[in-house]
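# Fold and contact review
Given next are the chains, with one letter for each unit.
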Amino acid sequence: MKRLSLVPFFLAAIACGGDKQNTGTPATASARSGAVDLTGAGATFPYPLYSKWFADYANAKGIKINYQSIGSGGGIRQISEGTVDFGASDSPMKDDELAKAKGPILHIPTVLGAVVVTYNVPELTKPLNLSGDVVADIFTGKIKKWNDRRIAALNPGVQLPASDILVVHRSDGSGTTYVFTDYLTAVSPSWKAGPGKGKEVTWPVGLGGKGNEGVSGQVKQTPGAIGYIELAYAKQNNLPFAAIKNASGKFVLPSVEAVTAAAAATADKLPENTDYRVSIVNAAGENAYPISSFTWILVYQQQPDSVKGRKLVDFLRWALTDGEKQATTLDYAPLPETMASRLQQRLGTIKIGAGA
Amino acid sequence: MEATTASVGSRRTTSAPDAPRLDLRALGDRAYQIAITSFAVAIPLLLVLIAVSIFAAAWPALTRSGLSFLTQSRWDVASGEFGAAPAIFGTVVSSAIALIIATPLALGVSIFLSEIAPGWLRQPVAFFVDLLAAVPSVVYGLWGIFVLIPILRDPVGPFLRDTLHLGGLPLFSGPNYGYSMLAAGVILAIMILPYIAAVTREVLRAVPRAQREAALALGATKWEMIRDAVIPYARSGIVGGIILGLGRALGETMAVTMVIGNRPEISASLFAPGYTMASLIANEFTEATNDLHLSALMAVGAVLFLVTLIVNAIARWLVWRVSRGPAP
Amino acid sequence: MACLAGVARAGAVSRLTRRHTASFIMLALTYVAAVLATLPLLFILFHLLKKGAAFITPGFFTEMPSPVGETGGGMSNAIVGTLILVGIASAFGLPIGIGAGLYLAERRGHWFAAMVRFLSDVLNGLPSIVLGIFAWEFLVRPFGGFSALAGGIALGAMMIPLVTRTTEEMVRLVPVSLREAALALGYTKWRTSLAVVLRTALPGIVTGALVAIARIAGETAPLLFTALGNQFWSTKLNAPIAALPLQIFTYAISPYDTAHAQAWAGALVLIAIVFLVSLAARYVTRARFGAAAD
């Protein structure tokens, strides 16, 4: 059985040298030379940051990493089947998914991000305030119009149009969906009894978009639409997003600080032998953004191929130190310091080479 | 033939040295026969392989639900329930819309081209209509997303709903996403138009002049001649062309995926998003994370395969009957 | 009596007028249908040119895709990928198509030939995604990875019916006397078929091949889970490869305006390729047989 290299299906080549100065010949020349060192697949949630990491890492160390941005569900599947060197997901693997893998898998958190509720209502000039139960009822179709009194109640003085709300959700197996529905399950009993949480749920209403990109695209082009995407996508496409009411009752806009605040409480309380599969939605804390999440890279604890294993570990160490420094440029929150150093130790438990 | 070549070959010498040369020729002929027969066999073989691969992979899902797979209306990946009814419904409805829009236009333009158009106009119009078939599906989809859907969302949707007051009908109810069954139907109509038109033109041309002249001689107006003498003669071919168009509409993937909204739900409204069998497979195939999901997708593929097989076979048979005529 | 006859005649005249009016209206409607049928293509070409022409620069053909959200860059890997896929498809589909076409032309009445002809038409009508599934099942799943080869073969399978049909028809058009003359001169049967008949029918067969290529160059569905697409430059047959239609699809459904611009440009290039190949096909036949195609 040949192992064939797999490469990203989606947009954006970071052909070795991805910053603005390098989109000319040097990029094309180096992109054409050389094979790929590592392959990965999975979440679209962190993709804007990962693509920057891979480009910078290639520039710094010359190691090329291909990443297929196909959604957390696809990432989990590919790493379980061993068709990629690492997976990426914002939905932690469930126990039965872990059981199906070829060996023990480590969840290495890389950064924190925010799932934002974005919308396309040109009449609005300021961000909308929304609460968890209102969001849940919008996405189940119970709230049908933008000028519904429950939305108006949260936004006094704001002129809301009388148009239909057009829901957009993910059509693929998505960690972003997992985070979003995790939050809704925590704050809305009717959502918990209904669609529940998962990478894929039964959506009572709405259009399906592929990946964070697809949802962003559909919201952007459809007046009256509402959807949930990662913060970086909203910012890169100039899409507005709502301030969500957190557990303390305050309406918080997603930002690096708000996400960091959400992680703060949980991060300190993690036990020594945690597997890092934690959820931080609806976190306590006055300034916490309630729909925040870790995103993980999934690697096998045993790496029989010593060359690849070494490269993988080296990349992860780089990500946890240098990579973290770039996170805020794309509005992702870096890991808490203590967590990053504990993860370096965790990386030491990866056995590389034969006999692994 | 062998006698001729043998007599040419044996001009110079006795028969013994000819024997090897004859064997070589026979060998060459045999090899050629085997070669082209094998290539011909490749076609049925390919179809068998396609059928086997799809049905074998679809087997787990089909045995699990049995025939209810076709009627169950929940396609829910999360809970493992796979009912193909929404996809089948979407395929049928979008194709039906496409046929309703495309058939009159195709018939009209074909009649125009074969009976009415002045000579100088014939070539360009035929050219433009035929060229529609050359446009790749993804380009239709691109145009659909950025041109057709905004048009359906703004001038057309409100026009149908408010100006014509059709909003009360279930057919036009619900929010107008733009991405809808209607959008899929319109794009499909444009895509199948050239196929129906091409077949219809050919069968109309096959109608003997005598038919037309007889009708006119009996005092028919031009339209009556077309309606009563030409079309009935070509009828089964025209129906064949329409069914051919249907066959293409059923299997069309990319353009539909890009405009239909990807929602596995049966809805009465034209404005609602939906799914077709082909776009369901296209969207979910690379992400099927468990074997049952994959098998269910293959089962949808199997249904699509069977349906298009039957429809195309009927279409071909009908068209053959008219255009091939009495010859074998 | 004369009065009644007069009324009858008047009635007949007005009936005639009604019939003529009806005829006039129906014929006018066919004009309307003709206009409506020509509009979509013009509409689409207009938008393609309007939105895509500005981005067709030499860089489009030589550069690789640029990073997310940035302007510039091109689709060189996708264009080359499409060429490679078409090459693989032709290597697979042309021999089978021409061979089968020869068989059908030479064994006309045989029951097997009739069945093959019918099945070839059936294959022609299959949705392209079904062929993608077939290629995935035999060429992707067993090998654990996506490849240009799998995509090429899926496309090649789509070419077969078109090439078979044109080959059969072109070979049948070659006069029997030509074949008989060759045989009379001592050519073996197989040499006659190949060196004489096939060679004579070649322009028509080339046309068929070009038409088939024009059709598959724009296909996306069979490539979705075979060739998969590739952000980097790759010409390897056993690895995923970029293709123009795939890239257009990916860009079209993304949110970035820069990607949309590239999608329109790519669509314009794709349609130009398809049209040029189709026109080349028509030109080959016209030069040979002279008759106006319609």
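To start, this report covers the structure provided alongside it. Within any chain, residue numbers begin from 1 and follow the written order of that chain's sequence. Naming scheme: in the order in which they are written, chains are lettered from A and ligands are numbered from 1. Reporting in this predicted model follows two pLDDT cut-offs: at least 70 for local features of residues, and 80 or more for side-chain atom pairs to be given and counted; totals over whole chains, interfaces and linings ignore these cut-offs and use all residues. Values reported for side chains reflect all heavy atoms of the structure, with hydrogen atoms and water molecules removed beforehand.

In terms of helices and strands, chain A carries 13 helices and 14 strands. Buried means the residue's accessible area, taken with a 1.4 Å probe over protein chains only, is under 20% of the maximum for its type, while exposed means over 50%, and partly exposed covers the values in between. Evaluated residue by residue, chain A yields a buried proportion of 63% over its 356 residues. Two residues qualify as a contact provided that any one of their heavy atoms is within 4.5 Å of a heavy atom in the partner residue. Put simply, of all contacts in chain A between residues at least 6 apart along the chain, 75% involve residues at least 24 apart. Here, Shrake-Rupley sampling with a 1.4 Å probe gives the accessible areas, and only protein chains in the shown set may cover a residue. Summed over all atoms, the accessible surface of chain A reaches about 12700 Å², with 53% contributed by carbon and sulfur. Secondary structure counts use DSSP, requiring at least four H or I residues in a row for a helix and at least two E residues in a row for a strand, with both numbered from the N terminus.

Turning our attention to the packing of aromatic side chains. Whether two aromatic rings pair depends on their centres lying within 6.5 Å, for rings of Phe, Tyr and Trp, where Trp uses its six-membered ring; planes under 30 degrees apart make the pair stacked, over 60 edge-to-face, and the rest tilted. Scanning all chains against the criterion turns up 34 aromatic pairs over all chains. Ring centres of Phe139 of chain A and Phe180 of chain A lie 5.0 Å apart, and the angle between their planes is 70°; on these two criteria the pair is classed as edge-to-face. One end of the pair, Phe139 of chain A, is in helix H5 (residues 132-139); the other, Phe180 of chain A, is in helix H7 (residues 175-187), and 41 residues separate them in sequence. Taken individually, Phe139 of chain A and Phe180 of chain A each receive the classification buried, so the pair is uniform in this respect. On the basis of an interplanar angle of 75° and a centroid distance of 5.7 Å, the ring pair of Trp111 of chain C and Phe112 of chain C is categorised as edge-to-face. Residue Trp111 of chain C is classed as exposed on the basis of its relative accessible area, which comes to 60%. By relative accessible area, Phe112 of chain C is classed as buried at 14%. Aromatic ring contacts, followed pair by pair, group Tyr47, Tyr50, Trp53, Phe54, Tyr57, Tyr67, Phe86, Phe315 and Trp318 of chain A into a single cluster. Over the ring of Tyr187 of chain C we find Arg191 of chain C, and its NZ or CZ is 4.7 Å from the ring centre. Counted as over-ring charges are cases with an Arg CZ or a Lys NZ within 6 Å of the ring centre that also lie within 35 degrees of the ring normal.

Turning our attention to helix H9 (residues 222-251) of chain B. One fewer than the residue count of a helix, multiplied by 1.5 Å, yields its expected span. Look at H9 of chain B: only 38 Å from first C-alpha to last across 30 residues, short of the 44 Å you get at 1.5 Å a residue. Along H9 of chain B, the sharpest kink reaches roughly 65°, centred on Arg235 of chain B. We define the bend at any residue as the angle between the axes fitted to the seven residues before and including it, ending there, and the seven starting there.

This brings us to the pairing of strand E4 (residues 105-119) of chain A. All names here are of chain A. Counting buried positions along E4 gives 15 out of 15 residues, so the element sits mostly inside the fold. Think of it this way: DSSP has to see at least two bridges between two strands before they count as a pair. Relative to strand E11 (residues 292-300), E4 is paired through nine bridges, and the arrangement is antiparallel. Paired with Leu106 across the strands is Val299, a residue of E11. With two bridges joining them, E4 and strand E13 (residues 333-334) adopt antiparallel strand pairing. In the strand pairing of E13, Val111 is matched with Pro334. For E4 and strand E8 (residues 225-230), the ladder comprises five bridges, and the chain directions are antiparallel. Bridging across to E8, Thr118 finds its partner in Gly227.

Once that is clear, we can look at empty space enclosed by the protein. Buriedness of a pocket was judged along seven lines, with at least five required to meet protein on both sides within 12 Å; pockets are open sets of points on a 1 Å grid over the protein atoms alone, cavities are sets where a 1.4 Å probe fits but cannot get out, and lining residues have an atom within 4 Å of a point. Grid points are joined across faces, edges and corners, and a volume is the space filled by probe spheres set on the points. Enumeration according to the criterion identifies 12 cavities of 30 Å³ or more in this entry. Counted as a void, the largest cavity has a volume near 170 Å³. Forming the walls of the largest cavity are 18 residues, and the residues nearest its centre are Gln218 of chain A, Thr257, Met258 and Asn262 of chain B together with Ile253 of chain C. Mapped onto the lining of the largest cavity, the elements with two or more residues apiece are strand E7 (207-209) and helix H9 (211-221) of chain A, helix H10 (254-259) of chain B together with helix H9 (244-252) of chain C. The greatest single-element share of the lining of the largest cavity, amounting to four residues, is contributed by H9 of chain A. Any residue that is not Ala, Val, Leu, Ile, Met, Phe, Trp, Tyr, Cys, Pro, Asp, Glu, Lys or Arg is counted as polar, Gly included; the first ten are nonpolar and the last four charged. Of the residues in the lining of the largest cavity, the class split is six nonpolar, 11 polar and one charged.

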